[in-house]
Amino acid sequence: MIRHATRHRLLLLAYLLWVVLLTSVHDLRLLGGALILVGLLSGRAAPRLAWRALRAFVWFNLIVSVSYLLASLWRGDVTWSYLALINLRVAALSLSTFWLAERIDLLAALRFSETLRYLLSIAYGQIFAMRRLLVDFRDALRSRTVGSLRLRDLYRQRAAAAAFLFGRGLRDAGEITLAMRSRGFFDEEHAGRGCA
Amino acid sequence: MHIPDGFIAPQMYLPAYACAAGLWLHALRRVRAKLREETIPLMAVLTAVVFVLMSIALPLPGGTSAHASGVAILAILFGVRVGFLLMTLVLLLQALILGAGGITSLPINALAIGGAGALAAVGSFRLLRGAGRPRREALALITAGWVSVVVPAALVAIALGVQPALAHAPDGTPRFFPFGLAITVPALVVPHLLVGVGEGALTLLIYRLVASRRNERAGWQ
């Protein structure tokens, strides 16, 4: 387990150094090479990861690139190398992040802090449960609505959903506390081993 | 509103990491000084709530929409330090799960949204709230929601707007975000003046609904 944790901690550290490197390099060939390298490292998952990365950055980059292009055309001085630079860099960073997210065991990498580890593991599980609930609420509203809703009703529905999530969160926190207590988490913590 | 990866120069994000790390440690120490059995599960669950809350679209007049940030309600109910720490966790998870925001922009987003946004929300709420006066409390909550969006938008605009001056090639070509303050400040702040109204309305509605269940959470804060 320790070896597993060390491996993932090193992976996280390598990723952070890689990110600093990608933002310190301004040579198009090097950035292009970095993008190809991450693509090769992704192996068979490359098209799927590339698609996820593209979806994550495409709108913002499109807005920035088109605005820059229009402003440059207006001035009569288009710097194509900037457009290539920023898009290559963002693509390489984004693909690297999705590559990392696919490979890293974040909870193992964060073994140096039990508090952070517990925080993230509980939060991670809750996020998926709550996202499902939110989709259910949205579908329920759609299925009960004929025509379009007033703005006021939409806000009341969003607020009710948010308040429900807060209420449920507070209730769940109590239950999770009981579960952690029953498993001796707080005994370890008070003995100085659990919480870092 | 948060900044994606790749548009902030290391000259800015590395010092921002150092600054944010100091504040994360300080906030964590203060939270841990009051650490009770419920603290970790509560913070984890609230992280999840805010993560999901940020995916709620706020419809705006004119057919557009923006996303809730939830930082005002979080800071008002649980304090600025908890708000700052949880918003950082939310931004980290968003970067890793959704690819939204990013690792290089994380400290700036955390300082702007989680730090300044939470501070502005709690400050304005305390300043405007009138004890036992529902109308003033409502106004304070709407204002808190509004400033929790507008202040971070202004800070993010400044962070982006200084990039061309901070990192550029010898011929002046930008290397990160290309537009200066004259463009970023109005482009980001003006739409968020409207988004803030939506956030304010949502903050008021959530606060009222949560307050009605306050007895359930007595002792959490």
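Every value quoted in this text rests on a predicted model; they were computed, and no experiment measured them. (Residues numbered from 1 in each chain as written. Chains lettered and ligands numbered in written order. Predicted model: local features only at pLDDT ≥ 70, side-chain atom pairs only at ≥ 80, totals over all residues.)

## What to know about the overall build of chain A
Part 1: A tally of regular secondary structure across chain A gives eight helices and zero strands.
Part 2: Each helix (α) and strand (β) of chain A, taken in turn from the N terminus, gives the series α-α-α-α-α-α-α-α.
Part 3: Over its C-alpha atoms chain A spans a radius of gyration of 23 Å, topping by over 25% the 16 Å that the globule rule assigns to 196 residues.
Part 4: Taken over the C-alpha atoms alone, chain A extends approximately 65 × 60 × 30 Å along its principal axes.
Part 5: Here chain A holds 196 residues, and the buried ones make up 28% of them.
Part 6: Counting contacts in chain A only where the partners sit at least 6 residues apart, residues at least 24 apart contribute 73% of the total. (Helix = DSSP H or I, 4+ residues; strand = E, 2+ residues; numbered from the N terminus. Rg over C-alpha atoms; globule rule 2.2 N^0.38 Å. Buried ≥ 20, exposed ≤ 12 C-beta atoms within 10 Å, placed from the backbone. Contact = placed C-beta atoms within 7 Å.)

## Let's talk about the overall build of chain B
Part 1: Along its length, chain B carries eight helices and two strands.
Part 2: The order of α-helices and β-strands along chain B, N terminus first, is α-α-β-β-α-α-α-α-α-α.
Part 3: Residue burial in chain B is summarised as follows: out of 221 residues, 57% are buried.
Part 4: Taking as baseline every contact in chain B between residues at least 6 positions apart, the subset at least 24 positions apart corresponds to 73%.

## Things to note about the packing of helix α7 (residues 151-182) of chain A against helix α8 (residues 181-211) of chain B
Part 1: One can describe the packing of α7 of chain A onto α8 of chain B by two numbers: an axis separation of 9 Å at closest approach and a directional angle of 45°. On the basis of their axis angle, the class for α7 of chain A and α8 of chain B is oblique. Considering how the two elements wind past one another, α7 of chain A and α8 of chain B form a crossing that is right-handed. Here α7 of chain A contributes Tyr155, Arg156, Arg158, Ala159, Ala160, Ala162, Ala163 and Phe166 of chain A to the contact with α8 of chain B, which in turn contributes Ala201, Leu202, Leu205, Ile206, Leu209 and Val210 of chain B.
Part 2: For the contact of α7 of chain A with α8 of chain B, a count of residues per class yields twelve nonpolar, no polar and two charged. (Axes fitted to C-alpha atoms, helices over the stretch in contact; angles between N-to-C directions. Parallel < 35°, antiparallel > 145°, perpendicular 65-115°, else oblique. Left-handed = near helix turned anticlockwise from the far one by under 90°. Nonpolar A, V, L, I, M, F, W, Y, C, P; charged D, E, K, R; others polar.)

## Examining the domain arrangement of chain A
Part 1: In terms of domains, chain A is made up of domain 1 (2-107) and domain 2 (113-190).
Part 2: Placing a centre on the C-alpha atoms of domain 1 of chain A and another on those of domain 2 of chain A gives a separation of 32 Å. (Domains from an automatic or database assignment.)

## Focus on the environment of alanine 72 of chain B
Residues and elements named next belong to chain B.
Part 1: Inspection of the secondary structure assignment puts alanine 72 in helix α3 (residues 71-78).
Part 2: C-beta crowding within 10 Å serves as the criterion here: with 34 such atoms nearby, alanine 72 is assigned to the buried category.
Part 3: On a C-alpha basis, the gap between alanine 72 and phenylalanine 125 in space is 9.2 Å, while along the polypeptide they are 53 residues apart.
Part 4: In this structure, alanine 72 is in contact with Ala121, Ala144, Gly145, Ser148, Glu199 and Thr203, ignoring residues within four places of it in sequence.

## What about the interface of chain A and chain B?
Part 1: With 56 residues of chain A at the interface, the matching set in chain B holds 49 residues.
Part 2: Elements with a contribution of two residues or more to the side of chain A that touches chain B: α1 (2-24), α3 (46-75), α4 (80-103), α6 (114-143) and α7 of chain A.
Part 3: The greatest single-element share of the side of chain A that touches chain B, amounting to 21 residues, is contributed by α7 of chain A.
Part 4: Residue classes in the side of chain A that touches chain B are distributed as 38 nonpolar, eleven polar and seven charged.

## Details of the packing of α3 of chain B against α8 of chain B
Residue and element names in this part refer to chain B.
Part 1: Direction vectors running N to C along α3 and α8 enclose 40°, while the axes themselves pass 9 Å from each other. Seen along the crossing, α3 lies across α8 with a hand that is right-handed. On α8, the residues touching Ala72, Ile73, Ile76 and Leu77 of α3 are Glu199, Thr203, Ile206, Tyr207 and Val210.
Part 2: Within the contact of α3 with α8, the residues separate by chemical class into seven nonpolar, one polar and one charged.

## What about helix α5 (residues 106-128) of chain B?
At 3.6 residues per turn, the α-helix brings residues three or four places apart onto the same side.
Residue and element names in this part refer to chain B.
Part 1: Helix length check: α5 (23 residues) gives 31 Å between terminal C-alpha atoms against 33 Å at 1.5 Å per residue, within 8%.
Part 2: For α5, the principal kink sits at glycine 117 and spans about 25°.
Part 3: Summarising burial for α5: 18 of the 23 residues are buried, a large majority. (Expected span 1.5 Å × (residues − 1). Bend = angle between axes of the 7 residues up to and from the residue.)

## Some thoughts on the environment of threonine 88 of chain B
All names here are of chain B.
Part 1: Here threonine 88 lies in helix α4 (residues 80-98).
Part 2: We classify threonine 88 as buried; it has 23 C-beta atoms within 10 Å.
Part 3: Once you skip the residues sitting within four places of it in the chain, threonine 88 turns out to touch Trp24, Ala110 and Gly114.

## Section: α7 of chain A
Part 1: Between its first and last C-alpha, α7 of chain A extends 46 Å over 32 residues, near the 46 Å set by a 1.5 Å rise per residue.
Part 2: Once α7 of chain A ends, the next one or two residues include glycine 184 of chain A, with phi positive near 80°.

## Here's the deal with the environment of serine 113 of chain A
All names here are of chain A.
Part 1: Structurally, the position occupied by serine 113 is in the loop between α5 (106-109) and α6.
Part 2: Classification of serine 113 as partly exposed rests on a count of 13 C-beta atoms within 10 Å.
Part 3: Each C-alpha atom of the pair serine 113 and serine 24 lies 30 Å from the other, and the pair is 89 residues apart in sequence.

## Some words on the confidence of the model for chain B
Part 1: Chain-level pLDDT for chain B is 85 on average; 89% of the residues reach the 70-or-more range.
Part 2: What the predictor reports for the complex is a pTM of 0.84 with an ipTM of 0.82. (pLDDT = per-residue confidence, 0-100.)

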